[in-house]
Amino acid sequence: MLIKRLDEVNDPLIMGYKAYNISKIENTLKDYGYLIPESLIITTEVFDECVLEEGIDTEKFKSKYLNEIYNVIVQNFGNKKLVVRSSSTFEDTPIYSMSGVYDSFLNVDTKEKLYKAIIKCYKSIFKKEVTDMIMYTKKRQSQAKMAILIQEMIPNITTAGVCFTKNPVTNKDEYIIEYAESGVNVVLGRGEVKREIIDKKKPSGKGLDGVLEMSQILSNKFNMPLDIEWGIANNQLYCFQCRPIISCNVSPPIIKEEIPCYKGIPVSPGIAFGKLSIDSFDSVTILNNYDDFFRNIKKINAALLTEGGILSHQANLLRENNIPAVLISDKGIDLKKYNSSFFVINGFTGEVFIYEEVSAKQKSELFNYFIDYLKINPQVQNKYCIDRIESINQKEAVYMGIDEQFIKEQIAQLNFNSYKTRQRIYNCDLIENNLMGSNSFDCIRIQDDINVRIQFKKILINDDDFREELQTVLFFENITEAKSFLRKIGLEITQEQYRDITVYLNENIKLNFIQWPNSPVFLGIEFTEYHKFFDLVKSIDGLTEPQALTGGQIFEKLDLNRIFTK
């Protein structure tokens, strides 16, 4: 028989992890007077029999399995209303929750409704948002299987909610409980919810002692922090579901000064920089559409929630995908007023910074805060497809009007390796993007030649005819990933150029003979130690005094604005 009681199966690959977790606690809870709804499981063997390459053989299910399943359900439940729930082999695991991603259905009370609900649960494993999520977590869609959990629909529920036995944002060892008259709103992140944060060493005094005791029993049973869905009907406490809490283990950088901000409730830890996007899922997104959230999770860089709580399904997925998020009342910020403005979201503290409301120096501080966050969190680099990050501090001497061939002949006699490359450059307009300010970057651009990298560059002009470059460089595997990163943080490429470079380098010095289209060659010598630079220059005839020039000044001297392409 392919529909069984929970105590007849003990394999998550046969019953899915949702049903498997519930089966482990049924007898334990009964001993303390707590219950789970009466349950049956349609095993993954039925799914295996009916699955096609990208769908379900509905006729085979209807002709071969439906009557048997329906008869067993009637024998066990009579005419009670039912809940038909997904129980995938990919959900509610210690690695990933997939919370709310698959379909479940309430108030199922006829054979036809049962058939449609089961088929929809099966088909939900093929939804684009599900396959995207699985690909996003680097799992194989072909390994996913679906069991179906059939449960009694508990009537007369007066209060329902979620309890976390550990704070998922701070990792503090404390209870967080969110609840409302409708537990559905709590898990869906809709409407207003009541929230209690309770020290485990003190009684709650909030009428939630039963929830706390049950949660502690389950946490001890699994020997791990748990996410528990519960409800109360006729003074009886039920557990509907439990799963491991997936923590977002990222570290905050240190912000050096106090900067004006709006304060909300942290939902998902992390730091994000980007443009506020009210009507689309780009950069910093306002989450107010649950279904669209699933379909667009790969596009979201950070999120502002204006309703619901911090224990909802979407809050879980934000944390599990390293997407910083803050719950903030739209009464506190006129979000429409700031649409397309730059924001910095601090999901560790709940702080929301708006660029338009801070000084130029503070803008620079905030952007560097985001860059520092990337540097210290490899898993966040991985999310953005960043191969590595390097800090490069170097000096450069610029020589215009050189005799290229004469100088190259001399360098050929020295111990240098050389290569030629055509470098394509994509620039961001910093003034337009409101990033230009005291101590901010003079240049943000993609360079694409032997490797792909984004440079965040600050140029300092010294009195001794050299310029100093302070760079944070992000390396990517390809140009598509580099452009995607810039889009996620709200920066647009406004100029595209290319230049030909002949490079001579050793471990101490790099010489770049640079030629823009239809322009004379100039030489840039990059170095870190003055004495090695001067030793080189003494050995080469034809080098006059270097010039301390910014990139903009070089462009002016070469009249490079004529080659820009918008």
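Use the structure listed above.
Residues numbered from 1 in each chain as written. Predicted model: local features only at pLDDT ≥ 70, side-chain atom pairs only at ≥ 80, totals over all residues. Heavy atoms only, no water.

Caption draft 1: Quick look at the nonpolar core. Among the nonpolar cores identified, the biggest contains 60 residues, and Phe61, Tyr122 and Ile150 are the most heavily contacted of them. Here this core takes seven residues from helix α6 (residues 111–123), the largest share from any one element. Leaving out residues up to four positions away in the same chain, isoleucine 150 has contacts with Glu38, Ser39, Leu40, Ile42, Ile73, Phe77, Leu82, Val83, Val84 and Leu114. (Core = buried A, V, L, I, M, F, W, Y, C linked by side-chain atoms within 4.5 Å. Buried < 20%, exposed > 50% of the residue type's maximum accessible area, 1.4 Å probe, protein only. Helix = DSSP H or I, 4+ residues; strand = E, 2+ residues; numbered from the N terminus. Contact = heavy atoms within 4.5 Å.)

Caption draft 2: The pairing of strand β9 (residues 174–180), seen in detail. Among the seven residues of β9, seven are classified as buried, and the element is accordingly described as predominantly covered. Inspection of the sheet shows β9 paired to strand β10 (residues 194–199) by six bridges, in the antiparallel sense. Along β10, the bridge assignment pairs tyrosine 179 with lysine 194. (Pairing = 2+ DSSP bridges.)

Caption draft 3: Layout of helix α11 (residues 313–320). Judged by how many residues are buried, α11 sits mostly within the fold: eight of eight residues are covered. Buried residues of α11: His313, Gln314, Ala315, Asn316, Leu317, Leu318, Arg319 and Glu320, and no others. Of the residues flanking the end of α11, it is asparagine 322, one or two places downstream, whose phi is positive at about 55°.

Caption draft 4: Focus on the sheet that holds strand β7 (residues 146–152). Spatial strand order, β1-β2-β7-β5-β6: five strands in an open sheet with antiparallel pairing. Each end of this open sheet is capped by a strand with a single partner; those strands are β1 (3–5) and β6 (104–108). Adjacent strand axes in the sheet meet at a mean angle of 25° when their direction is disregarded. Two strands pair when backbone bridges link them, and strand β2 (residues 39–42) and β7 are joined in this way by four bridges, in the antiparallel orientation. Directly across from isoleucine 41, in β7, lies its bridge partner leucine 149. Those strands touched by helix α1 (residues 12–23) are β2, β5 (82–88), β6 and β7, and its axis lies near 120° from that of β5. (Axes fitted to C-alpha atoms, helices over the stretch in contact; angles between N-to-C directions.)

Caption draft 5: Seen up close, the packing of aromatic side chains. Per the counting criterion, the structure on display carries 28 aromatic pairs. Here tyrosine 238 and phenylalanine 240 contribute two aromatic rings whose centre-to-centre distance is 6.4 Å and whose plane-to-plane angle is 5°, an arrangement assigned as stacked. Taking relative accessible area as the criterion, phenylalanine 240 reaches 15% and is therefore assigned buried. Every member of this aromatic cluster is reached through a ring pair, and the members are Phe273, Phe342, Tyr355, Phe367, Phe370, Tyr384, Phe456, Phe476 and Phe485. The cationic tip of arginine 388 hangs over the ring face of phenylalanine 475; the distance from NZ or CZ to the ring centre is 3.7 Å. (Phe/Tyr/Trp six-rings, centres within 6.5 Å; stacked < 30°, edge-to-face > 60°. Lys NZ or Arg CZ within 6 Å of the ring centre and 35° of its normal.)

Caption draft 6: Representation of the side chain of threonine 43. Take threonine 43: it is sitting in the loop between β2 and α3 (44–50). In this structure threonine 43 comes out as buried when scored by relative accessible area, which is 0%. With residues near it in sequence (within four places) discarded, threonine 43 still touches Leu2, Lys4, Ile14, Met146 and Ala147.

Caption draft 7: Region of the structure containing the pairing of β7. The buried fraction of β7 is high, at seven of seven residues. The alternating pattern of β7 places Met146, Ile148, Ile150 and Glu152 and Ala147, Leu149 and Gln151 on opposite faces, both of which are buried. Sheet topology places β5 next to β7; seven bridges connect them, and they run antiparallel. Counterpart to serine 86 in the pairing with β7 is isoleucine 148.

Caption draft 8: Inspection of the environment of alanine 160 at higher detail. Tracing the sequence through the fold places alanine 160 in strand β8 (residues 157–164). Since its relative accessible area comes to 6%, alanine 160 is described here as buried. For the pair alanine 160 and asparagine 185, spaced 25 residues apart in sequence, the C-alpha separation works out to 9.4 Å.

Caption draft 9: Broad picture of the sheet that holds strand β11 (residues 226–233). Spatially, the five strands line up as an open sheet ordered β10-β9-β8-β11-β12, and their pairing is antiparallel. Each edge of the open sheet carries a strand with a single partner, namely β10 and β12 (236–244). Across the sheet, the axes of successive neighbouring strands diverge by a mean angle of 20°, strand direction being ignored. Across the sheet, helix α9 (residues 209–222) touches β8, β9, β10, β11 and β12, and the angle it forms with β11 is around 145°.

Caption draft 10: Summary view of a positive patch on the surface. Side chains of Lys62, Lys111, Lys116 and Lys120 sit close together on the surface and give a patch of like positive charge. With three residues, α6 is the single largest residue contributor to the positive patch. Within the fold, lysine 62 resides in helix α4 (residues 58–64). (Patch = residues over 30% accessible without salt bridge, like charges linked within 9 Å, V, L, I, M, F, W, Y side chains within 5 Å. Areas by Shrake-Rupley, 256 points an atom, 1.4 Å probe, with all protein chains shown as cover. Salt bridge = Lys/Arg side-chain N within 4 Å of Asp/Glu carboxyl O. Lys, Arg positive; Asp, Glu negative; His and termini not counted. Charge placed at Lys NZ, Arg CZ, Asp CG, Glu CD.)

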